[in-house]
Amino acid sequence: MISTTQAARAYRGTDTEGRSPEELRDLVSHWGAELELAPAETIIEWAAATFGERFCVTSSMGDAVLAHLASSVVPDIDVVFLDTGYHFVETIGTRDAVEATLPVNLITITPVQSVAEQDAQYGPELYRTDPDLCCALRKVEPLARSLDGYDAWATGLRRSETRNRVIAPVIGWDAKKQKVKVSPIARWTDEQVEQYIVDNGVLVNPLVYDGYPSIGCAPCTRRVAPGDDPRSGRWAGTNKTECGIHV
């Protein structure tokens, strides 16, 4: 497998021409099984070496685990953060701290409409009256738009988080976005994440220690009682379990 140094050089290369969807799917078919049991660092090395600057990391800033891991392999890697306009102050603060302390190129993206413009068109509190549409406008569309210049993107998805994510592949094909979806820590347990945070002094959103194990937009996120499903505070009181980015 390619070395960390080679991966960093590949990422900082000058090749900006993307591959076709057919070529990308072929890469997934070939490497998906090959890398299924590989360490997270090796998966990131492969992605950086394969896609160069057309590979990025996304982060919701619940913690900086993936950003820290990726930047340790590929310094100055693009880390994409989606600012929905509804984030907790603590989440924005975590983003700012990540940008200030890690060797990453932090890219903040925003929806086409401000919250006020969205309220004017659809009515106030769209997150309550039509949460699926709100997520589509403030999360799904902006992220899809921001990924136009990339062939592959890394997520912090883990199979232990929800039943819906049990089959999340380490290297998969996102048919909607026509991108390679890389989940380097998909196989990590909660204990592995916690140990990585302790061992590396990784930044964690302070809300995690205040009863919010899964953090989304402020109006749609509630504290979780000890022992409950960590994601039960997301869209509490509704049947909604995902924003639409990962489905």
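Everything here concerns the structure above.
Residues numbered from 1 in each chain as written. Predicted model: local features only at pLDDT ≥ 70, side-chain atom pairs only at ≥ 80, totals over all residues. Heavy atoms only, no water.

K.L.:
Please clarify how the packing of helix α6 (residues 115–122) against helix α8 (residues 131–146) should be interpreted in this entry.
P.N.:
The axes of two packed helices give the description: the angle between them and the distance between them. Relative orientation of the contacting elements α6 and α8 amounts to 140°, with a least axis distance of 12 Å. The angle between α6 and α8 places the two elements in the oblique class. At the point where α6 passes α8, the crossing takes the right-handed sense. Here Val115, Gln118 and Tyr122 of α6 lie close against α8, whose contacting residues are Leu133, Cys134, Leu137 and Arg138. Residues that form the contact of α6 with α8 fall into these classes: five nonpolar, one polar and one charged. (Axes fitted to C-alpha atoms, helices over the stretch in contact; angles between N-to-C directions. Helix = DSSP H or I, 4+ residues; strand = E, 2+ residues; numbered from the N terminus. Parallel < 35°, antiparallel > 145°, perpendicular 65-115°, else oblique. Left-handed = near helix turned anticlockwise from the far one by under 90°. Contact = heavy atoms within 4.5 Å. Nonpolar A, V, L, I, M, F, W, Y, C, P; charged D, E, K, R; others polar.)

K.L.:
Where do I start with the packing of aromatic side chains in this structure?
P.N.:
Aromatic ring pairs are reported here in terms of the distance separating the ring centres and the angle at which the planes meet. Tallying each qualifying case throughout the model produces five aromatic pairs. Both rings, one in Trp46 and one in Phe51, keep their centres 5.5 Å apart while their planes meet at 90°; by these two values the pair is edge-to-face. Per residue, the accessibility class of Trp46 equals that of Phe51, and both read buried. Members of the aromatic cluster, each reached through a chain of ring pairs, are Trp31, Trp46 and Phe51. (Phe/Tyr/Trp six-rings, centres within 6.5 Å; stacked < 30°, edge-to-face > 60°. Buried < 20%, exposed > 50% of the residue type's maximum accessible area, 1.4 Å probe, protein only.)

K.L.:
It is not clear to me how empty space enclosed by the protein should be interpreted in this structure. Could you clarify?
P.N.:
Empty pockets left among the atoms are what a rolling probe the size of a water molecule brings to light. In this structure the tally under the stated criterion is one cavity of 30 Å³ or more. Put simply, the largest cavity is a space of about 120 Å³. Along its surface, the largest cavity is lined by 15 residues, and Cys135, Lys139, Cys217, Cys220 and Trp235 are the ones closest to its centre. When residues of the lining of the largest cavity are assigned to their parent elements, the largest contribution, five residues, is made by α8. (1 Å grid on protein atoms, 1.4 Å probe; cavity = no way out; pocket = protein on both sides within 12 Å on 5 of 7 lines; lining within 4 Å. Points joined across faces, edges and corners; volume = space filled by probe spheres on them.)

K.L.:
Would you take a moment to explain the nonpolar core for this structure?
P.N.:
Nonpolar side chains tend toward joint burial in soluble globular proteins. Membership of the largest hydrophobic core comes to 44 residues, with the highest contact counts inside it found for Phe51, Phe55 and Ile171. If one sorts the elements of this core by residue count, helix α3 (residues 40–51) sits on top with seven residues. By size, the runner-up hydrophobic cluster in this structure holds eight residues, among which are Cys56, Val80, Leu82 and Tyr150. (Core = buried A, V, L, I, M, F, W, Y, C linked by side-chain atoms within 4.5 Å.)

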